[in-house]
Amino acid sequence: MTRTRLIDPKGWIFLAALAAFCLVVPLLNLGIPEGSGLHLPTYLVSLFGKYLAFALLALSLDLVWGYCGILSLGHGAFFGLGGYAMGMYLMRQIGPRGVYGNPVLPDFMVFLNYKELPWYWLGFDHFAFAALMVLAVPGLLAFVFGWLAFRSRVTGVYLSIITQAMTFALMLAFFRNDMGLGGNNGLTDFKDILGFPVQAQGTRVALFVATGIALALGYLVARFMTVSAYGKILIAVRDAESRTRFLGYRPEHYKTLAFTVSAMMAGVAGALYVPQVGIINPGEFAPTNSIEAVIWVAVGGRGTLVGAALGAVIVNYAKTVLTGALPDAWLFALGALFVVVTLFMPKGIVGTLIERFGSRRARAKLPPEPEIAPKLAEEGQG
Amino acid sequence: MIRILLLLLTLGLSGPALAQSDPYARLASDSYGDIETGIAGLAASGDPRAGAVLAALAEGRLLYRPSDKALFVKQGDGLVEARSGGAATAEGLKPVRANNKIRRALEAAQGQLNLVSTDPGKRREAAEAVFKARDTSALPAVETALAKESDRGIKRLFEQARAALLLAKPGTPEADRLAALPILQARGDGDSIAILRTIAASDPSETVKAAAGRGIQAIETRLAVAAAAQNVWYGVSLGSVLLLAAIGLAITFGVMGIINMAHGEMVMLGAYTTYLVQDAIRAHAPGLFDWSLAISIPCAFLVAGAVGVVIERGIIRFLYGRPLETLLATFGVSLILQQSVRSIFGPTNREVGSPGFMSGAFDLFGLSITWGRMWIVLFSFSVFLGLLFVLRKTAFGLKTRAVTQNRRMAAAMGIRTPWVDAMTFGLGSGIAGIAGVALSQIDNVSPNLGQGYIIDSFLVVVFGGVGNLWGTLVAALTLGVANKLFEPYFGAVLAKIALLIFIILFIQKRPRGLFALKGRAVES
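This structure is a prediction, so every number in the text was calculated from the model and none was measured.

Domain parsing of chain B yields domain 1 (2-202) and domain 2 (227-360 + 367-523). Each of domain 1 of chain B and domain 2 of chain B was reduced to a C-alpha centroid, and the two centroids are 59 Å apart.

To continue, consider the UniProt feature "transmembrane region" (unreviewed entry) in chain B. This chain's UniProt record puts "transmembrane region" (unreviewed entry) on residues 232-259, 291-311, 323-345, 365-391, 458-482 and 488-507 of chain B. Summarising residues 232-259 of chain B: 86% helix, 0% strand, and an end-to-end C-alpha distance of 31 Å.

Turning to the interface of chain A and chain B, a few remarks are in order. The accessible area lost on association of the parts is a frequent measure of interface size. At the interface, 48 residues of chain A touch 43 residues of chain B. Where the side of chain A that touches chain B is concerned, the elements lending two or more residues are α5 (127-151), α6 (156-175), α11 (287-300), α13 (329-344) and α16 (376-381) of chain A. The greatest single-element share of the side of chain A that touches chain B, amounting to 13 residues, is contributed by α6 of chain A. Here the residues of the side of chain A that touches chain B are counted per class, giving 33 nonpolar, eight polar and seven charged.

It is worth spelling out the confidence of the model for chain B at this point. Interpretation of this model should avoid reading the predicted coordinates in detail wherever pLDDT is low. Residues and elements named next belong to chain B. The pLDDT averaged across chain B works out to 83; a share of 94% of its residues lies at or above 70. Across chain B, helix α13 (residues 292-314) holds the top mean pLDDT of 94, while helix α1 (residues 2-14) sits lowest at 52. Per-residue pLDDT stays below 50 along residues 11-20; that stretch engages in 14 contacts with residues further than four places along the chain or on separate chains. Counting interchain partners and residues more than four positions distant, the pLDDT-below-50 stretch residues 520-524 has 13 contacts. For this predicted complex, the interface confidence score (ipTM) comes to 0.84, while the overall pTM stands at 0.78.

A separate point is the packing of helix α5 (residues 100-115) of chain B against helix α6 (residues 120-133) of chain B. Residue and element names in this part refer to chain B. Relative to each other, α5 and α6 sit at 130 degrees, their axes nearing to 7 Å. Here α5 is positioned oblique relative to α6, judged by the angle of their axes. Here α5 and α6 pass one another in a crossing that is left-handed. Judged by residue contacts, G111, N114 and L115 of α5 engage K122, R123, E125, A126, A127, A129 and V130 from α6.

Residues and elements named next belong to chain B. Judged by pairing direction, the sheet is antiparallel, and its five strands sit side by side in the order β4-β3-β2-β1-β5 without closing on themselves. In this open sheet, the two strands that pair with only one neighbour each are β4 (87-88) and β5 (94-95). Bridge analysis of strand β1 (residues 62-65) against strand β2 (residues 70-75) gives four bridges, and the strand direction is antiparallel. Counted as the bridge partner of R65 is A70 from β2.

Rules of the game
Residues numbered from 1 in each chain as written. Chains lettered and ligands numbered in written order. Predicted model: local features only at pLDDT ≥ 70, side-chain atom pairs only at ≥ 80, totals over all residues. Domains from an automatic or database assignment. UniProt positions renumbered as here; feature names shortened; annotations may be inferred. Helix = DSSP H or I, 4+ residues; strand = E, 2+ residues; numbered from the N terminus. Contact = placed C-beta atoms within 7 Å. Nonpolar A, V, L, I, M, F, W, Y, C, P; charged D, E, K, R; others polar. pLDDT = per-residue confidence, 0-100. Axes fitted to C-alpha atoms, helices over the stretch in contact; angles between N-to-C directions. Parallel < 35°, antiparallel > 145°, perpendicular 65-115°, else oblique. Left-handed = near helix turned anticlockwise from the far one by under 90°. Pairing = 2+ DSSP bridges.

Next up, the structure:
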């Protein structure tokens, strides 16, 4: 068995580009005075930070979809949960500076006549605890959900549909005021993070860089998982689950681990996203959001990691430009993107590039070309 | 002693005794006391002119001549004699005055008059009014009316009113009170319970108290059963909506294995077709409005079906065997369709009217059932049966099943499989369009209409077992009824969440749904 390098050429390109991005953006923002033509406005820094958070989400999705064949239509749930954990920390940092000036309760709780802080808010005063929850809550949900689903061999479309049901249920739950998490309005009006004002230019740049670093780390983790011996089995599960099982492996263990790690990465993405956009609300759990994340991965190239991150940035950049210029056209463009990519670019941008220019070994690692012939697989057994 | 006096007084008010002191003469007075007595007397007299005279008094058209106490009613420009109704001329007339006390007396009197009105609707209303008001002075009038009444339904109402009055009146003999209780118990609504509660709490006799207590219990049990039945009906109604939304998907997803995320948009297209058809009918043939839904059904089927065929030929046929890619592509289609409709019709809700036969409600064993819901339930079951018929009994259905079961063998037998694919997908989409016609009656017709149903529809099909129409039926009704039965306890949102979690767990237990297809084909 040939050892695969942890960081292959396209990985180096990706990491180098990411590092350059994380250097240039702060430089253009902080180093060049306002008014100069080269100055980068702070709002753009946060916007780029948002893209990078989405890229991390896409990366996490690619880990399970590209390497494990789990098409999760509920990754927005993990993203949202991580975001809420961070949001709760940020809410606690507001302290008595809320509109109602209550030293203990956030504004919405005063408004809803809460007498004391619900138990699940305890501990969120501390960043370390919140950071732990950012990983633990999505991770735990994914572990339980995945363990149940994979053990029962729920696969393919069925899995996709129940992940969608999961995020839908969470959305309904978070919309309720009784959840004690801000209901419809979510959590917002943040002031400080780790003692620094969220709105300040320096904080925003720091958050952007932190997101970049998280993305790089996420890439390395995902890469490490997929090139290891574990990753080989994961890919085997993706391509022929029954065969892998008959060879003596337990696919559910492999899948559960990948799903859990992926959910934690999505949680981190959500946690980094929230302070940069300044709000988290139940809309993040909408099934549509999760499906949109899938198209980022598909556009960039499923099963390439780098492609997923790239796809997220490209699609979201296009979204920013198009919704600004032609608001009506965005949904047409997004819809067309779904259709065109699945029909004509099943391997995505990076996958297509590798196919064109990459080494033979790199090509072999891509997910197999899906069957074009109608229902051949079904007939083989039916 | 006082009781006897009261009894005498009421008897005296009711019967012919008062005829001696002529009510007409009493009315022709400027003493409020006299007028009031006159009103009561006139109401009890059974005089056919009483209604007209009292109405005239209420409207200030009743005049009298102080000299000889003759009464006249002003009608238009002329005068008529109050007692006979014949035309008359007279000089020196004064209006009969009214104050608030008089007006109250008038109201009560008119109510009593209605008790013996010739119009059954009025009698019914009057009986209900007496029952609700529980003004014990009306008791004699009710008894008179009861004796005369021939309509069984109204007679029962009178009996109930009489029972309520007997119970409300102090001094009714215990036997009468006991006899009145079962009548109220049989009526068994909220008002009856309220009366029984008062009796159970304050009646001097222990026997009566106990009987009232038993009556309350009986009514409460019945009300609980009725509420449960009502919830089940709501559940069936919701289930039929789910069935309608999911049934097209049962074809495209269940039979063909295509994940059609644009299914909800087919429903939406059907609803917009209904809107357009109604618009055209309003503009060109308003008389046909009651037929607008019937006309919309084939139109919606054709529109949504045609769009479905285009999607199948244009996109899906390249993606057979790649269900997840189909999911993404059709999701893209759904975005495009939504945005197209939004661009054409605007983002706001469109008004779709309901024909006459959809409005109103009827009563079935104490359940209040609206016609609109009733028709939708019936409609969704007939769509279901129709679809079953098409798949089981027609040549087209035979081909569809053949292609689903073994595509290559079917092709070898000379079936044009691509054509069957397109038509089957068109059928599923068309049925979604038909569902849109029905849903336009109960939901907002907006570009987002379909999104609200897509997740539910998939869950219904998956829960019922893919590839099994009966499973879809059972799943839709189960989910609908369960949802509505949970709602009173958890609230609407939590009930929905509970169901979603239930389905997620259920899929773990039976990954292929309630009625799974057996055999090796399921492993693919």
